[in-house]
Amino acid sequence: MQGLTPPAETQLSPATIARCASRSLREELAAYPKPGLVSHVDNGSHPDMDAECFLASIATLEPFFSQMAEAGASGCAFGALQKIGIAAEEAMWNATGGRNTHRGAIFCLGLLVAAAGWRGFSCDPSLGEIVADRWGGEMMLSGDLPAISDGIAMCQQYGIGGARAEAKRGFPSVYDTGLPALRHALRVVPLSAASVQVFFELLARCEDTTLLKRGGADGARFARDAALGFLGRGGVLRGGWEADAIDIHRAFVARHLTA
């Protein structure tokens, strides 16, 4: 560890942390409408995927999240987490018939799970701070890697940082945008609606490689403008927001866009 020291006691078991990670993925799937994304209502812009496919993937990944939490608790290096992540990806491909349901979650959520294993039950420091401090120095940015994935290729083509830059910086989009939006929305609306608000907040402010792959710069601009418009009209904190969000969802599907 660079500057942070682990807590004296770890009160959360790897299995408990893994169950929390799996629950978060199930709650993300349940949130609707998330423009272009799969839910229990429809497949969004993914004709080759459905909710059952996602649920199979989530069930398959839970043991790997447990392994990541255990590895994080042991003070492992980034390379050890990579090995678990590669095995998790292989299991995901097998469970989904070769469909990429959660590759991004394996990387991002996997790092946060490992940080939770290291930190234990304490709330300080944040999981993002632990990721940046413990493993950030070991992560290579997309510009320094061969284009072995669509995400890395889009980062190189458009000169953006992507998920790796987010992780190295301690996931500022989560802590500066997502969590404040969630806490604010939960004062007024239930979790299902608050989750949609968070999605639109992130869509309006984050660079997304999947949007760039599917729609190029024009598609990404369309998505950002749609999100800003939704938020400007009050987001989920106003009556009738569902119909507005569904209209945006259908516009994404018509353009084959997804984040």
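Residues numbered from 1 in each chain as written. Predicted model: local features only at pLDDT ≥ 70, side-chain atom pairs only at ≥ 80, totals over all residues. Heavy atoms only, no water.

*Asks:* Residues and numbers for the overall build of the protein chain, please.
*Replies:* Each helix and strand counted, the protein chain has 11 helices and 0 strands in total. If you list the helices and strands of the protein chain from N to C, you get α-α-α-α-α-α-α-α-α-α-α. Based on the C-alpha atoms only, the size of the protein chain along its principal axes is roughly 50 × 40 × 35 Å. Scored against the burial criterion, the 259 residues of the protein chain give a buried share of 46%. Residue pairs at least 24 apart in sequence account for 69% of intrachain contacts in the protein chain once pairs closer than 6 positions are excluded. Approximately 12300 Å² of the protein chain is accessible, and the part contributed by carbon and sulfur atoms is 53%. If you average the places of the 23 positive and of the 27 negative side-chain charges in the protein chain, the two averages end up 2 Å apart. (Helix = DSSP H or I, 4+ residues; strand = E, 2+ residues; numbered from the N terminus. Buried < 20%, exposed > 50% of the residue type's maximum accessible area, 1.4 Å probe, protein only. Contact = heavy atoms within 4.5 Å. Areas by Shrake-Rupley, 256 points an atom, 1.4 Å probe, with all protein chains shown as cover. Lys, Arg positive; Asp, Glu negative; His and termini not counted. Charge placed at Lys NZ, Arg CZ, Asp CG, Glu CD.)

*Asks:* Tell me about the packing of aromatic side chains, residues and numbers included.
*Replies:* Aromatic ring pairs are reported here in terms of the distance separating the ring centres and the angle at which the planes meet. Summed over the entire model, instances satisfying the criterion amount to 3 aromatic pairs. With a centroid separation of 5.9 Å and 85° between ring planes, the pair formed by Phe 199 and Phe 200 is classed as edge-to-face. Of the two residues, Phe 199 and Phe 200, both sit in the buried class. Between the aromatic rings of Phe 222 and Phe 252, the centroid separation amounts to 5.9 Å while the plane-to-plane angle is 50°, which identifies the pairing as tilted. Of the two residues, Phe 222 sits in helix H10 (residues 209-232) while Phe 252 sits in helix H11 (residues 241-254), which places them 30 residues apart along the sequence. Each member of the aromatic cluster is reached from another via a ring pair, and the members are Phe 199, Phe 200 and Phe 230. The ring centre of Phe 222 lies 4.0 Å from the NZ or CZ of Arg 255, which sits over that ring. (Phe/Tyr/Trp six-rings, centres within 6.5 Å; stacked < 30°, edge-to-face > 60°. Lys NZ or Arg CZ within 6 Å of the ring centre and 35° of its normal.)

*Asks:* For the nonpolar core, give the residues involved together with the corresponding values.
*Replies:* For soluble globular proteins, the rule of thumb is that nonpolar side chains tend to be buried together. Residues Phe 65, Leu 81, Leu 111, Val 113, Val 131 and Trp 135 are the most contacted members of the largest nonpolar core, which totals 35 residues. Going through the elements one at a time, helix H1 (14-30), helix H2 (51-73), helix H3 (78-96), helix H4 (103-119) and helix H5 (127-135) are the ones with two or more residues in this core. Membership of the second largest hydrophobic core comes to 23 residues, among which are Ala 194, Phe 200, Leu 203 and Leu 211. (Core = buried A, V, L, I, M, F, W, Y, C linked by side-chain atoms within 4.5 Å.)

*Asks:* Explain unusual backbone geometry to me, using residue names and the numbers behind them.
*Replies:* Most peptide bonds take the trans configuration, and most residues that are not glycine carry a negative phi. Pro 33 follows Tyr 32 through a cis peptide bond whose omega is -5°. Mapped onto the secondary structure, Pro 33 falls in the loop between H1 and H2. In this structure, Phe 171 is a non-glycine residue whose phi angle is positive, near 55°. One can find Phe 171 in the loop between helix H7 (162-168) and helix H8 (172-186). Note on Phe 171: relative accessible area 3%, which makes it buried. Phi is positive for His 256, which is not a glycine, with a value near 60°. Structurally, His 256 can be placed in the segment after H11. Residue class for His 256 comes out exposed when judged on its relative accessible area of 55%.

*Asks:* Can you tell me about the state of the cysteines, naming the residues and giving the values?
*Replies:* A covalent bond bridging the sulfur atoms of two cysteines is what the word disulfide describes. Summed over all chains, the structure comprises 0 disulfides. Cysteine Cys 108 remains unbridged, with the sulfur of Cys 206 as its closest cysteine sulfur at 11 Å. Residue Cys 108 is classed as partly exposed on the basis of its relative accessible area of 22%. Its sulfur unpaired, Cys 155 is 11 Å from the next cysteine sulfur, which belongs to Cys 108. Take Cys 155: its relative accessible area is 4%, and that puts it in the buried class. (Disulfide = S-S within 2.5 Å.)

*Asks:* Describe in detail the side chain of Ser 126, supporting the description with residues and values.
*Replies:* Within the secondary structure, Ser 126 is located in the loop between H4 and H5. The buried category is assigned to Ser 126, whose relative accessible area is 18%. Excluding its chain neighbours within four sequence positions, the residues that come into contact with Ser 126 are Arg 119 and Tyr 175.

*Asks:* Just give me the short version of the packing of H10 against H11, but keep the residues and values in it.
*Replies:* One way to put it is that H10 packs onto H11 with a least axis distance of 11 Å and a crossing angle of 165°. Relative to H11, the element H10 is oriented roughly antiparallel. For the pair H10 and H11, the sense of crossing is right-handed. Taken together, the residues of H11 that come into contact with H10 (itself represented by Leu 211, Phe 222, Ala 223, Ala 226 and Phe 230) are Trp 241, Asp 244, Ala 245, Ile 248, Ala 251 and Phe 252. When grouped by side-chain class, the residues that make up the contact of H10 with H11 number 10 nonpolar, no polar and 1 charged. (Axes fitted to C-alpha atoms, helices over the stretch in contact; angles between N-to-C directions. Parallel < 35°, antiparallel > 145°, perpendicular 65-115°, else oblique. Left-handed = near helix turned anticlockwise from the far one by under 90°. Nonpolar A, V, L, I, M, F, W, Y, C, P; charged D, E, K, R; others polar.)

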